[in-house]
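Residue-level listing of the chains:
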Amino acid sequence: MDCLFCKIINGEVPSTKVYEDDLIYAFNDIAPQAPHHVILIPKQHIASANEITAENSACVAHIFEVIPKLAKELGFAENGYRVINNCGADGGQTVNHLHFHLVGGRQFGWPAG
């Protein structure tokens, strides 16, 4: 499989790990869009949000349990943060492995873009 995020999980591509457990891996984005920009990915390859099922949704729920913990550890939970998932080409997804952007450390506007 030629998936960038699977290669990061397997240690074939370097990353700056922020968090890891049996289900998920989180690392700093190489092109941050905020003072804090962490990518959270399931270790199981799921191409996009369109492929979330009853069989694999536990890792997605776990990601959303870890997000507030990371935001608190990184020091921006109290002021707020944004969680982003891009799905498909029109949604801006550039890596075909389900992932969530956790961004914080500055104020964000709306609409998002």
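Our subject is the structure listed above.
Every value quoted in this text rests on a predicted model; they were computed, and no experiment measured them.

Focus: the overall build of the protein
Item 1. Helix and strand counts for the protein come out as two helices and five strands.
Item 2. Listing each helix as α and each strand as β along the protein from the N terminus yields α-β-β-β-α-β-β.
Item 3. Its C-alpha atoms give the protein a radius of gyration of 14 Å, near enough to 13 Å, the size a compact globule of 113 residues would have.
Item 4. Considered along the principal axes of its C-alpha atoms, the protein spans approximately 40 × 30 × 30 Å.
Item 5. Buried positions account for 37% of the 113 residues belonging to the protein.
Item 6. Sequence separation of at least 24 residues holds for 54% of the intrachain contacts in the protein that already meet a minimum separation of 6.
Item 7. For the protein, the computed accessible surface area is about 6800 Å², with 50% contributed by carbon and sulfur atoms.
Item 8. Of the side chains in the protein, 7 bear a positive and 12 a negative charge, and the two mean positions are spaced by 7 Å.

Brief notes about the state of the cysteines
Item 1. Within the structure shown, the criterion is met by zero disulfides.
Item 2. There is no disulfide at Cys3, and the cysteine sulfur nearest it, in Cys6, is 3.7 Å away.

Comments concerning the side chain of His97
Item 1. Note on placement: His97 falls in the loop between β4 (81–84) and β5 (100–104).
Item 2. Beyond its immediate sequence surroundings of up to four residues, His97 is in contact with Cys3, Phe5, Cys6, Ile9, Ile41, Pro42, Gln44, His45, Ile46 and Ala47.

Quick word on the nonpolar core
Item 1. Among the nonpolar cores identified, the biggest contains 16 residues, and Val38, Leu40, Ile63, Leu70 and Leu102 are the most heavily contacted of them.
Item 2. Contributions of two or more residues to this core are made by β2 (24–28), β3 (36–42), α2 (57–74) and β5.
Item 3. The element contributing the most residues to this core is α2, with seven residues.
Item 4. In this view, Ile63 contacts Ile24, Leu40, Ile41, Pro42 and Phe100; residues no more than four positions away in its chain are not counted.
Item 5. Membership of the second largest hydrophobic core comes to 10 residues, among which are Cys3, Ile9, Phe27 and Val95.

Re the packing of aromatic side chains
Item 1. Across all of its chains, the model carries four aromatic pairs by this definition.
Item 2. When the centroid spacing of 5.6 Å and the interplanar angle of 70 degrees are considered together, the rings of Phe5 and Phe27 count as edge-to-face. Within this pair, whereas Phe5 is found in helix α1 (residues 4–9), its partner Phe27 is found in strand β2, the two being separated by 22 residues in sequence.
Item 3. For Phe27, a relative accessible area of 5% corresponds to the buried category.

Digging into the sheet that holds strand β1 (residues 17–20)
Item 1. Pairing is antiparallel in the open sheet, where five strands are placed in the order β1-β2-β3-β5-β4. Each end of this open sheet is capped by a strand with a single partner; those strands are β1 and β4. Mean inter-strand twist for the sheet, computed between neighbouring axes without regard to direction, equals 20 degrees.
Item 2. Examined bridge by bridge, β4 and β5 share four bridges and lie antiparallel to one another. Bridge pairing in β5 links Tyr81 to Gly104.

What counts as what
- Residues numbered from 1 in each chain as written.
- Predicted model: local features only at pLDDT ≥ 70, side-chain atom pairs only at ≥ 80, totals over all residues.
- Heavy atoms only, no water.
- Helix = DSSP H or I, 4+ residues; strand = E, 2+ residues; numbered from the N terminus.
- Rg over C-alpha atoms; globule rule 2.2 N^0.38 Å.
- Buried < 20%, exposed > 50% of the residue type's maximum accessible area, 1.4 Å probe, protein only.
- Contact = heavy atoms within 4.5 Å.
- Areas by Shrake-Rupley, 256 points an atom, 1.4 Å probe, with all protein chains shown as cover.
- Lys, Arg positive; Asp, Glu negative; His and termini not counted.
- Charge placed at Lys NZ, Arg CZ, Asp CG, Glu CD.
- Disulfide = S-S within 2.5 Å.
- Core = buried A, V, L, I, M, F, W, Y, C linked by side-chain atoms within 4.5 Å.
- Phe/Tyr/Trp six-rings, centres within 6.5 Å; stacked < 30°, edge-to-face > 60°.
- Pairing = 2+ DSSP bridges.
- Axes fitted to C-alpha atoms, helices over the stretch in contact; angles between N-to-C directions.

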